[in-house]
Amino acid sequence: MRIALFSALYPTPKHPKIVGGAEVFARQFAEALVAGGDDVMVMCNALNGRRETEFVNGVRVEFIPVRNLYAPFQERQNPAMRMLWHVIDDWQTAHPAIAELLDDFRPDVINSNTINGLTADIWRVAKRQKIPTVHTLHDYYLTCPRCSRFHGDKSCGMACTAVTVGRRRRAKSVDAVVSVSQRTLDLHMDDGLFAGAAKHVVRNVPNPAITFSPRSLPAPPLRIGYLGRFSPEKGVGLLIEAVARQKPGTVRLALAGNVPQDEKARLRALAPDADLDFVGFVSPSAFYATVDVIALPSIWEEPGALALVDALAAGRPVLGSRFGGIPEVIEHGVTGWIVPPGADGFAKAIEALVEDPARVLAAQEKLRERPGRVFDDVVREYRAIYRSLMPAVAQAS
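Predicted model only: the values in this text are computed from it and were never measured.

### A short note on the overall build of the chain
Of regular secondary structure, the chain possesses 14 helices and 16 strands. A compact globule built from 397 residues would reach a C-alpha radius of gyration of about 21 Å, and the chain, at 22 Å, matches this within 12%. Each of the three principal axes of the chain carries a C-alpha extent, and together these read 65 × 45 × 40 Å. When each of the 397 residues of the chain is scored for burial, the buried share is 53%. Sequence-distant contacts in the chain: of pairs separated by 6 or more residues, those separated by 24 or more amount to 68%. Surface accessibility of the chain: about 17,300 Å² in total, with carbon and sulfur atoms responsible for 54%.

What follows is the structure in structure tokens.
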């Protein structure tokens, strides 16, 4: 097949920027398609404003200039500038180079991923060229300018229709939608999107570099790990508050990831007597080998946390909140524990493990036996979705 992928970012040797897991997935997916014999072109934002082409591991990568006030993922702008950016992004037409590239490449199918900066108008362009279109939901860009449905210190629970009118209208051109979790798909459907599209859930799989790491019965202190961003929606503050409520010497919290010094100071101030270990940026495999349990205290509708599936693959049971796709992956009481959101819920869940550490070991043994999906399964499922669209489009034309 000839497949055109859209991704707001696509890390290459010349343009290595990574913000989250979506662009990591896009590159891994594109290269897996090529390895399976498909011809793949990726279109992504040119953050430097220059139209360029780069070939990476058999993938043709096209960098498209952003038609807006500034490129996405740059330094934070003032609120008025950000709002104007989102309005333009919502109504802007796709860069002319996109139609030209599609006409030249002639893909059998288009699969868009994150598209901020590229704009949802790419779907109109695809429809005009009679190319079947699949969109993968990695976030909430279509219903929220922040892409997170999170504002202040809590999940919004509502869509921001004022600055998403254009992308919602253009979403009617999508033939099939794929979500990394059922919850994320349901939230979009509740907001009236993709009513006429075929709907699929293809869950994330762990990084193939992650392998099961056996660990003995936890001895005091219970070592809990957190790996990820330190943004408010991740709930790190409430996790630290929960750890602070434990008896001295019973729990140690290891926090992996890049965190500014001022944020580190703020978090330490939440629990000055707690045993906190800020380990910085580390290899996930190495990190999982040093902890007994992973905590995922998210307070937003987390679509499909890669840290969750990686932790389970490493044999680390997870304490996870009830938000987003997290409860769809954790088998409560078997491979981890679903925790009511908030510091109280996590404090009680941690205390229960401190009092009975054998529960941690039992969950680790269940994870050893757990059959796991691999990335080849993801590619196979996507290929089946692509093939399901082609006959219908051919008949309609």
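### Details of the nonpolar core
In terms of nonpolar packing, the biggest core is built from 39 residues, with Phe230, Leu253, Leu255, Leu319 and Ile350 touching the most fellow members. Once residues within four sequence positions are removed from consideration, Leu319 is found in contact with Val293, Ile294, Ala295, Leu296, Trp337, Val339, Phe346, Ala349, Ile350 and Leu353.

### A look at the pairing of strand 16 (residues 336–339)
The alternating pattern of strand 16 places Gly336 and Ile338 on one face and Trp337 and Val339 on the opposite face, and all of these are buried. Bridging between strand 15 (residues 318–321) and strand 16 involves four bridges; their strand directions are parallel. Bridge assignment links Val318 to a residue of strand 16, and that residue is Gly336.

### Some points on the confidence of the model for the chain
On average, residues of the chain score 92 in pLDDT, and 96% of them reach the 70 mark or higher. A low-confidence stretch, residues 392–397 (pLDDT under 50), is modelled with three contacts involving residues beyond four sequence positions or located in other chains.

### Side note on the packing of helix 7 (residues 236–244) against helix 12 (residues 343–355)
For the pair helix 7 and helix 12, interaxial distance at closest approach is 8 Å and the crossing angle is 45 degrees. Taken together, the axes of helix 7 and helix 12 lie oblique to each other. For the pair helix 7 and helix 12, the crossing hand works out as right-handed. Within the contact between the two elements, helix 7 uses Leu238, Leu239, Glu241, Ala242 and Val243 and helix 12 uses Ala343, Phe346, Ala347 and Ile350.

### Thoughts on the pattern of salt bridges
The full count for this structure, using the stated rule, is 24 salt bridges. Here Asp104 makes a salt bridge to Arg60, at a shortest N to O gap of 3.4 Å. Taken together, the residues span a long stretch of sequence, with Asp104 in helix 3 (residues 96–105) and Arg60 in strand 4 (residues 59–65) at a distance of 44 residues. Owing to a relative accessible area of 19%, Arg60 belongs among the buried residues under this scheme. Here Glu302 and Lys234 are joined by a salt bridge, their closest N and O atoms 2.8 Å apart.

### Examining the layout of surface pockets
In this structure, the second largest pocket occupies an estimated 560 Å³ of space. For the lining of the second largest pocket, the secondary-structure elements that each account for two or more residues are helix 10 (306–313), helix 11 (326–329) and helix 13 (358–369). For the lining of the second largest pocket, the element with the highest residue contribution is helix 10, accounting for four residues. Class assignment of the residues belonging to the lining of the second largest pocket gives a composition of 18 nonpolar, eight polar and five charged.

### What about the environment of Asp139?
Position of Asp139 among the secondary structure elements: in the loop between strand 6 (133–137) and strand 7 (150–151). Asp139 has contacts with Thr114, Cys147, Thr184, His188 and Pro303, leaving out every residue within four places of it along the chain. One polar contact links the side chain of Asp139 to the main-chain amide nitrogen of Tyr141, over a distance of 3.2 Å.

Each value, and the rule that gives it
- Residues numbered from 1 in each chain as written.
- Predicted model: local features only at pLDDT ≥ 70, side-chain atom pairs only at ≥ 80, totals over all residues.
- Heavy atoms only, no water.
- Helix = DSSP H or I, 4+ residues; strand = E, 2+ residues; numbered from the N terminus.
- Rg over C-alpha atoms; globule rule 2.2 N^0.38 Å.
- Buried < 20%, exposed > 50% of the residue type's maximum accessible area, 1.4 Å probe, protein only.
- Contact = heavy atoms within 4.5 Å.
- Areas by Shrake-Rupley, 256 points an atom, 1.4 Å probe, with all protein chains shown as cover.
- Core = buried A, V, L, I, M, F, W, Y, C linked by side-chain atoms within 4.5 Å.
- Pairing = 2+ DSSP bridges.
- pLDDT = per-residue confidence, 0-100.
- Axes fitted to C-alpha atoms, helices over the stretch in contact; angles between N-to-C directions.
- Parallel < 35°, antiparallel > 145°, perpendicular 65-115°, else oblique.
- Left-handed = near helix turned anticlockwise from the far one by under 90°.
- Salt bridge = Lys/Arg side-chain N within 4 Å of Asp/Glu carboxyl O.
- 1 Å grid on protein atoms, 1.4 Å probe; cavity = no way out; pocket = protein on both sides within 12 Å on 5 of 7 lines; lining within 4 Å.
- Points joined across faces, edges and corners; volume = space filled by probe spheres on them.
- Nonpolar A, V, L, I, M, F, W, Y, C, P; charged D, E, K, R; others polar.
- Polar contact = N/O pair within 3.5 Å; in protein donor to acceptor, adjacent residues only side chain to side chain.

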